[in-house]
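Coordinates in review
The chain contents come next:
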Amino acid sequence: MELKIEIIGFGTVGIGFLEIVNKKIDILKEKFGFIPKIVAISDKIKGTLFDEGGIDLSRLLEIINNGGSLKDYGSGFYDFEKKGALDVIKESNADIMVEMTYTNIETGEPATTHIKTALERGKHIVTSNKGPIALFYKELKQIADKKNLFMGIEGTVLSGTPVFNLIEDTLPPNSINSIKGILNGTTNFILTKMENENMSYEDALKMAQDLGYAEADPTADVEGFDALAKVLILSNVIMGGDLKKDNVERVGITQIKPEDIKEAAEEGYRYKLIGSVEKTSDGKILASVKPMKLPLSDPLSGVSGAMNALTFTTDLLGSVTIQGPGAGKIETGFSIMIDIIRIFKKIRSK
Ligand code: HSE
């Protein structure tokens, strides 16, 4: 069976996803019984490639690896003004729309409109875009459920490290009472470098930017907005909350001085930027993002560099901690692939 996929927003993660499709196509066919076919790619800056017969991925990836772009593919290329993302979503024969435009935590746009339009057209959704899920999850999920469509969001928190798959498929029937973790790689990298190598905040931030961990505007990382978006997603998707940005206390890491880190280390503690969501005994959901001094015995203390981690407190298992990458081309590309496999399983089981 073929699964037709359109990609909206084609940055590093999009290229990573195509590399995975190209590399794993035989395994997908043999192990799961489907062939992913990319029928359209649309990007505001790079333009639109539209081929309902399926884009030749080996050829496109070779063009990209040689410094080229969608335009150099030739046939099927349109300027974005002629055929934009919404035209593709409305016109293409795709079964799945993969939304990977840049995260906007203020408005959730243009991704939210892309997702709504695709759901209206009967397309399943896979996204790594935090904006629409942090801001409008309930509304989007209602539309998807009504139409019996799947909305895969694995890549929005901890990239491809399993969070939602784990919660939905592996941990039930545990009740989750709280979640706390390291949700931002840039700030964890900065704190680690400041503590272990006496690096200045500025140098560590610059290094995180050079390594590609930081958001386009690193204020989103260091002031805790990126972690806030992820806390909202965890709260509203996993804990049944309906929190908005203003319901979550948010403090970044810019106030932490090298002396604070040193003093904490002398006392046997370590600073981490912790996102947490907790269900109170009367059923309220409380959430925050703030630097915390953790004892070295806490598994989250040992998570260094750009790694992310989450501890779930459950009723049957006690604490379960997972650690893994929270960003990256292949790591986030994998999150898209795992949700596509889940969609295939859903379609097959009908
Ligand atoms: N800037 C983010 C981080 C990328 O540093 O974790 C993933 O959302």
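Residues numbered from 1 in each chain as written. Predicted model: local features only at pLDDT ≥ 70, side-chain atom pairs only at ≥ 80, totals over all residues. Heavy atoms only, no water.

**A look at the sheet that holds strand β12 (residues 308–314)**
Formally: Strands are treated as partners if at least two bridges between them are detected by DSSP. The secondary structure listing takes helices from DSSP runs of H or I that are at least 4 residues long and strands from runs of E that are at least 2 residues long, numbered from the N terminus. We call two residues contacting when some pair of their heavy atoms lies within 4.5 Å. Convention adopted: a line fitted to C-alpha atoms gives each axis, helices being fitted over their contacting stretch, and angles between N-to-C directions are expressed from 0 to 180 degrees.
An order of β9-β11-β10-β8-β12-β13 is seen for the 6 strands of this open sheet, with the pairing classed as mixed. Edge strands, defined here as strands with exactly one partner in the open sheet, are β9 (249–250) and β13 (318–324). The pairing of strand β8 (residues 176–182) with strand β10 (residues 269–279) spans 4 bridges and is antiparallel. Within β10, the residue paired with I179 across the bridge is V277. Its contacts with the sheet place helix α10 (residues 225–238) against β8, β9, β10, β11 (285–295) and β12, and it is angled at close to 125 degrees to β11.

**Points about the site of the ligand**
This is how the line gets drawn: Being near a molecule or strand, for a residue, comes down to having at least one heavy atom within 4 Å of it. Polar contacts here mean pairs of N or O atoms no more than 3.5 Å apart (in protein, one a potential hydrogen donor and the other a potential acceptor; neighbouring residues in sequence count only if both atoms are side-chain atoms). Throughout, the Shrake-Rupley method with a 1.4 Å probe supplies accessible areas, and for residues the shown protein chains are the sole cover considered.
Close to the ligand lie K130, N184, G185, T186, Y213, A214, E215, D221, D226, K230, G326 and A327. In this structure, an oxygen atom belonging to the ligand sits 3.5 Å away from a side-chain N or O atom of N184. A distance of 2.7 Å separates a nitrogen atom of the ligand from a polar atom in the side chain of D221. Relative to its free-state accessible area of 260 Å², the ligand is covered by the protein chains to the extent of 91%. Listing elements by their share of the shell around the ligand, those giving two or more residues are α7 (185–197) and α10.

**A closer look at the pairing of β13**
As paired strands, β12 and β13 are joined by 7 bridges and run antiparallel to one another. Residue pairing across strands places L310 opposite I322, the latter belonging to β13. The loop that links β12 with its antiparallel partner β13 comprises 3 residues.

**Describing the side chain of E154**
Spelled out, the test is: Burial classes: relative accessible area under 20% of the type maximum marks a residue as buried, over 50% as exposed, and values in between as partly exposed (1.4 Å probe, protein chains only). Charge assignment: positive for Lys and Arg, negative for Asp and Glu; neither His nor the chain ends contribute. By salt bridge we mean one thing: a side-chain nitrogen of Lys or Arg within 4 Å of a carboxyl oxygen of Asp or Glu.
If you trace the backbone, E154 turns up in the loop between β7 (151–152) and α6 (164–170). For the buried E154, no salt bridge exists, and the shortest N-O distance to an oppositely charged side chain is 5.2 Å, to R342. Sequence-distant contacts of E154, that is, excluding residues within four places in its chain, are made with S159, T161, P162, V163, F164, N165, S335, I338 and D339.

**Remarks on the domain arrangement of the chain**
The cut-off we apply is this: All the domain ranges listed were derived from an automatic or database domain assignment. Once two parts are joined, some of their accessible surface, as seen by a 1.4 Å probe, is lost; buried area is that loss totalled over both.
If you check the domain split of the chain, you get domain 1 (2–160 + 329–349) and domain 2 (171–325). Averaged C-alpha coordinates put domain 1 and domain 2 at centres separated by 28 Å. Listed per partner, the contact involves 14 residues of domain 1 and 20 residues of domain 2. Between domain 1 and domain 2, the buried area comes to about 1500 Å², and carbon and sulfur atoms account for 68% of it.

**A short note on the side chain of S128**
As for its position among the elements, S128 is in the loop between β6 (124–127) and α5 (130–146). Filtering out sequence-adjacent residues up to four positions away, S128 remains in contact with E99, M100, G155, T156, T332 and I336.

**Examining the packing of aromatic side chains**
Filter applied, for reference: Ring pairs shown here join Phe, Tyr and Trp side chains whose ring centres sit within 6.5 Å, with only the six-membered ring taken for Trp; geometry is labelled stacked below 30 degrees between planes, edge-to-face above 60, and tilted in between. Each ring is checked for a lysine NZ or an arginine CZ that lies within 6 Å of its centre and within 35 degrees of its normal; such an atom marks a charge sitting over the ring.
Counting across every chain of the model gives 2 aromatic pairs. The aromatic ring of Y73 is capped on one face by R59, whose charged end is 4.0 Å from the ring centroid. Taking the ring centre of Y78 as reference, the NZ or CZ of K83 above it sits at 4.8 Å.

**Details of the pattern of salt bridges**
On inspection of all chains with the given rule, the structure shows 18 salt bridges. Note that E168 is salt-bridged to R342, the shortest N-O span being 2.8 Å. Taken together, the residues span a long stretch of sequence, with E168 in helix α6 and R342 in helix α12 (residues 329–349) at a distance of 174 residues. Given the relative accessible area of 15%, R342 is considered buried. Close ionic contact of E249 with K290 constitutes a salt bridge, the shortest N to O distance being 3.3 Å. A residue pair is termed long-range when its members are at least 10 positions apart, and E249 in strand β9 and K290 in strand β11 qualify at 41 residues.

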